[in-house]
Amino acid sequence: MAIKILMPALSPTMTEGNLVKWHKKEGDKVGAGDLLAEIETDKATMEVEAIDEGVLGKVLIAEGTENVKVNAIIAVLLEDGEDASVIDKMDLSEPKEKIAEESPSADAPKKEAAPAQQSGGTTGVQIQAPPMSEGNEYEGRVSGPKEGVFATPLAKALAEENDLLIDAVIGTGPNGRITKEDVEMALQTTGGANLKAALALPRDDYGMPPYVPEKNSNVRKVIAKRLTESKLMIPHFYLTVECELDGLLALRKSMNDKAEGAYKVSVNDFVIKASAKALKDVPAANVAWTEGEIRQYVTSDISVAVATDGGLITPILKSAEAKSLVTLSKEMKELAGKARAGTLKPHEFQGGTFSISNLGMFGIKNFQAIVNPPQGAILAVGAGEEKLVMKNGNPATVTVMSVTLSVDHRCIDGAVGAQFLAAFKNYIENPTSMYDLARTA
Amino acid sequence: MSDKFDLVVVGGGPGGYVAAIRASQLGMSVALVEGEHLGGICLNWGCIPTKALLKTSEINHLLHNLDQYGFTAKETSFDLKKLVSRSRGVAEKLSGGISHLLKKNKVKVYDGFGRLNGPGKLKVEKNDKRIADLEAKHIILATGARARKLPNLEVDEKLVWTYKKAMTPDEMPKSLVVVGSGAIGIEFASFYHNLGAEVTVVEVMDRVMPVEDVEISAMAQKSFENQGMKIMTSAMVKGLNKGKNDVEVIIEKDGKETKLKVDRVISAVGIVGNVENIGLETTAVKVDRSHIVIDQYCQTDEPGIYAIGDVAGAPWLAHKASHEGIICVEKIAGLDVHPMNTLNIPGCTYCMPQVASVGLTEQKAIDAGYDIKVGRFPFMANGKAIALGEEEGMVKTIFDAKTGELLGAHMIGAEVTEMIQGYVVGKTLETTEKELMHTIFPHPTLSEMMHESVLDAYDKAIHI
Ligand SMILES: Cc1cc2nc3c(=O)[nH]c(=O)nc-3n(C[C@H](O)[C@H](O)[C@H](O)COP(=O)(O)OP(=O)(O)OC[C@H]3O[C@@H](n4cnc5c(N)ncnc54)[C@H](O)[C@@H]3O)c2cc1C
């Protein structure tokens, strides 16, 4: 099956970007994780990696093209042994454009010409920015309003007709399905994120543009309160270390190849596992501050930040040190799915002894997270980047990932934090030392 | 001492008995009070017995048109008594079924007439005898409706009939006038016409079946006239001169009076709600033009008292009554329910050809300000219709050009009453023209016309 490579969204708000450079030519072999292209947004230039492997069959958007829409097809990847002739048979028109053409306002004959939305034999795959992404795919994927929204066809059509972002509409139909009535309701109340209506409003007396008000949900309020308290009350300090990823990426590839689809571990799964093991090695970092005592936990319960429509939520991988990488990977996928569906049970996200926040998939090099009390520390994970270094006197390229530990100084001192990071770095750079890697149970 | 229940339902028609069963399913203790017959009008004197009769009259029609299929039958005849008793048998069978269903669902049935005695209280009486006193936090009134009677159209059930008598004739009238061309009137017109009577339909509005789409009305009228029925629209019955065994009907049309002598007259000029003698005056319940005033969850102005079905207003249809029953009870039980969308209530008339519709007519859609797309597909162009020998009819669909919403569907022809639910499901699921176009319809069926009609609205019909 030939695979369409789509213009990735490098941030949730990105709608288009410039294709600065292709790192592969038509006919080049491409491996999963290979650098494919560079994309520039108004905020940053980012490298785009391939997720699948094969041969770059056709480049559809040339180097130097500006304002390429997110989700536009930029190239086609052929799978091993596939002939380039399949590309001619593929439907390469842009999905977004088609939706526009199918809209009732377009006249009939024009619509007739538009091919069916989904053509057989090809899959549309979105590529994502650098390596951490897989475990957290959901964070990088900015779905257009059409995808994954549980709404009636009429509700979708009505929302589109009125430029309403249907994602923001609350569904009251069977099982929460968004109905025509819900959309009508949203259109009536300004809280419905009706951009078109908002755009028509004048600026206010201070010259501020019109806005779309969105009521703070309870989740949002809790997040705001806890983060403010944490940042104000907890004496934070930060430790950063760089880890070489090449060994880990190779191991990951061979594991996934061997799994033949049974599982697919991500770099993030390794990060979880390595953190859990490092906490076991340096238990003084696996602590919580309370007024009366410092609690040192006997298991590594890792809270992993997941971005959802409703805000940030941190499902927990309990006793992660004792679980195999594959088990962790599967559990993480399941929890993330529940998090996005809003079906996490309280015991699945309340608690935890240590947190991980990964923004690598957005190309963030490194950042400092806010401690998630009463936990003592949180690890902020950045993107993997290729670097030229000297190795034994010779220049070599390595993939480097930067991680930053934010620490509550009341319960963890600098040296303990450093020891933890050293242990973490060691596991990441020597992943086989996490002895039970391949155990699938 | 009074018997206490969570819910008491007054009236055992399709509104009342369905509400009672649903309430019992939801764990309420339920009593049903019915004075005459379980199943209500629908089962005993409405939907069901008329369909049994219409079936037999269609058989008669077929027997006289066998040639078309290559058959000959000489001297066919029918026994009116047998037709009627078959129809009564069907009704009885079903009424017995309701009694069984209620028992199975542990609904306590009281045989008597209920009368409110202030909020939360009900007296049950029969033939001036007290049967029981009931108390309940919730009382649903489902007392139904009866035929409307006009002063210049005096019903005697001998020469001038309402539906009850029209369904149980002792002898076959040779000629008759049907006053009113709504569903009930036109079904009786079809029935008697197909059994060989000379039928004249008098309608005060300018077209038959006035609630239907204009185009459908026109096709229906043309078809009835081709079959030999007489149709007088914009016409009024001014009065009657009753003879011994016949009636002279005085009809005014275009300022001119016509006199028509016929054996019998059927009055089908609408219905009135059964709001009398049920103790409404002991409560705050409001009545407007013989119907109880309710909100969208069937709540009346008196807390704890609800009304559903015919007594609560139009459309007077059994499935509307039942659905209101469900909504009302589920709301009482605190479930998350939505009010009924009246634009999703289908209406069916079982005359020949049949008529079925849901949603807005073309004119109403235009009046409501929609920019519309209209699709039509004729029976003539459908393989199955031709094979069946049913080439008369049409499927018409109306879409909102902006969103693709199916605003209305209107059908006339064989078996359309069995097909309309396809569009009703579509409307309930809020499909647009796109999903309907991508739905696969089996071939060869009449339902393919439903597909083609949608395609036609977007200039994509294949077979025309
Ligand atoms: C000839 C004819 C043909 C019809 N054909 C169709 C059709 O094809 N399709 C369709 O959908 N509809 C049809 N209808 C309409 C349909 O019958 C009604 O819409 C339906 O019966 C309404 O149901 P209901 O429960 O509201 O009332 P009803 O069916 O009228 O039931 C009310 C019941 O309450 C009882 N009752 C009244 N007062 C009291 C009291 N004080 N105490 C105790 N019991 C009481 C009555 O005895 C009756 O049994 C037809 C009607 C007629 C007359």
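In this text, all values refer to a predicted model and were calculated from it rather than measured experimentally.

## Some thoughts on a nonpolar patch on the surface
Side chains of Leu-62, Tyr-69 and Phe-71 of chain B sit close together on the surface and give an oily, nonpolar patch of about 300 Å² of accessible area. Mapped onto the fold, Leu-62 of chain B is located in helix α3 (residues 47-63).

## Comments concerning the pairing of strand β10 (residues 198-202) of chain B
Residues and elements named next belong to chain B. Most of β10 sits out of view: four of its five residues are buried. Two strands pair when backbone bridges link them, and β10 and strand β11 (residues 230-232) are joined in this way by three bridges, in the parallel orientation. Residue Val-201 lies in a different strand from β11, and its bridge partner there is Ile-231. Read as a crossover between parallel neighbours, the route from β10 over helix α7 (residues 214-227) to β11 is right-handed.

## Some points on the site of the ligand
Residue and element names in this part refer to chain B. Among the 39 residues in the neighbourhood of the ligand, the closest are listed as Glu-34, Lys-51, Gly-114, Asp-310 and Ala-318. Residue His-37 places a side-chain N or O atom 3.3 Å away from an oxygen atom belonging to the ligand. Within the backbone of Ala-318, one N or O atom sits 2.9 Å away from an oxygen atom of the ligand. In the complex, the protein chains occlude 93% of the 990 Å² of accessible area that the ligand would expose alone. Taken together, the elements giving at least two residues each to the shell around the ligand come down to β2 (30-34), α2 (40-45), α3, β4 (113-116) and α8 (318-332). Looking at the shell around the ligand, the element that brings in the most residues is α2, giving four residues.

## A closer look at the sheet that holds strand β13 (residues 302-304) of chain A
Residue and element names in this part refer to chain A. Spatial ordering of the open sheet is given by β10-β19-β18-β17-β13-β16, a layout of six strands whose pairing is mixed. Each having just a single partner strand, β10 (236-244) and β16 (316-317) make up the two edges of the open sheet. Both β10 and strand β19 (residues 394-408) contribute to a ladder of nine bridges, which runs antiparallel. Bridge pairing links Phe-237 to Val-407 in β19.

## A closer look at the environment of Met-340 of chain B
Relative to the helices and strands, Met-340 of chain B resides in the loop between α8 and β20 (347-349). When near neighbours in sequence (up to four residues on either side) are disregarded, Met-340 of chain B contacts Lys-320, His-323, Glu-324, Ile-327 and Ile-345 of chain B.

## Quick notes on the nonpolar core
With 54 residues, the main nonpolar core has Leu-379, Phe-420 and Phe-424 of chain A as its most contacted residues. Beyond its immediate chain neighbours, meaning those up to four positions away, Leu-379 of chain A contacts Val-271, Ser-275, Phe-354, Ser-355, Ile-356, Ser-357, Val-403, Thr-404, Leu-405, Phe-420, Leu-421 and Phe-424 of chain A.

## Comments concerning the interface of chain A and chain B
Interface size, as often reported, equals the accessible area lost upon joining of the parts. Taken residue by residue, the interface counts 18 residues in chain A and 16 residues in chain B. Taking both sides of the interface into account, the surface hidden between chain A and chain B amounts to around 1500 Å²; carbon and sulfur atoms contribute 52%. Scanning the region where chain A abuts chain B turns up one salt bridge. As a salt-bridge pair, Lys-180 of chain A and Glu-405 of chain B come within 3.0 Å of each other at their nearest N and O atoms. In this structure, the connection of chain A to chain B is made through five residue pairs in polar contact (both at pLDDT 80 or more). Of all the elements, helix α5 (residues 153-161) of chain A adds the most residues to the side of chain A that touches chain B, at six residues. A breakdown of the residues in the side of chain A that touches chain B according to their chemical character gives seven nonpolar, four polar and seven charged.

## Let's talk about the confidence of the model for chain B
Of all residues in chain B, 100% attain a pLDDT of 70 or more, and the chain-wide mean is 96. Both scores are available for the predicted complex, with the pTM at 0.63 and the ipTM at 0.76.

## Brief notes about the pattern of salt bridges
Residues and elements named next belong to chain B. Per the counting criterion, the structure on display carries 32 salt bridges over all chains. Among the salt bridges present, the one from Lys-164 reaches Glu-36, with a minimum N-O distance of 3.8 Å. Of this pair, Lys-164 sits in helix α5 (residues 163-166) while Glu-36 sits in the loop between β2 and α2, and the two are 128 residues apart along the sequence. Note that Arg-264 and Glu-171 form a salt bridge whose closest N and O atoms lie 3.9 Å from each other. Of this pair, Arg-264 sits in strand β15 (residues 264-267) while Glu-171 sits in the loop between α5 and β9 (175-179), and the two are 93 residues apart along the sequence. A relative accessible area of 9% places Arg-264 in the buried class. One salt-bridge network, in which partners are shared between bridges, spans Asp-213, Glu-215, Glu-362, Arg-376 and Lys-396.

Cut-offs used in this document
- Residues numbered from 1 in each chain as written.
- Chains lettered and ligands numbered in written order.
- Predicted model: local features only at pLDDT ≥ 70, side-chain atom pairs only at ≥ 80, totals over all residues.
- Heavy atoms only, no water.
- Patch = residues over 30% accessible without salt bridge, like charges linked within 9 Å, V, L, I, M, F, W, Y side chains within 5 Å.
- Areas by Shrake-Rupley, 256 points an atom, 1.4 Å probe, with all protein chains shown as cover.
- Salt bridge = Lys/Arg side-chain N within 4 Å of Asp/Glu carboxyl O.
- Helix = DSSP H or I, 4+ residues; strand = E, 2+ residues; numbered from the N terminus.
- Buried < 20%, exposed > 50% of the residue type's maximum accessible area, 1.4 Å probe, protein only.
- Pairing = 2+ DSSP bridges.
- Right-handed = clockwise from strand over helix to strand, strands pointing away.
- Near = heavy atom within 4 Å.
- Polar contact = N/O pair within 3.5 Å; in protein donor to acceptor, adjacent residues only side chain to side chain.
- Contact = heavy atoms within 4.5 Å.
- Core = buried A, V, L, I, M, F, W, Y, C linked by side-chain atoms within 4.5 Å.
- Buried area = accessible area lost by both parts, 1.4 Å probe.
- Nonpolar A, V, L, I, M, F, W, Y, C, P; charged D, E, K, R; others polar.
- pLDDT = per-residue confidence, 0-100.

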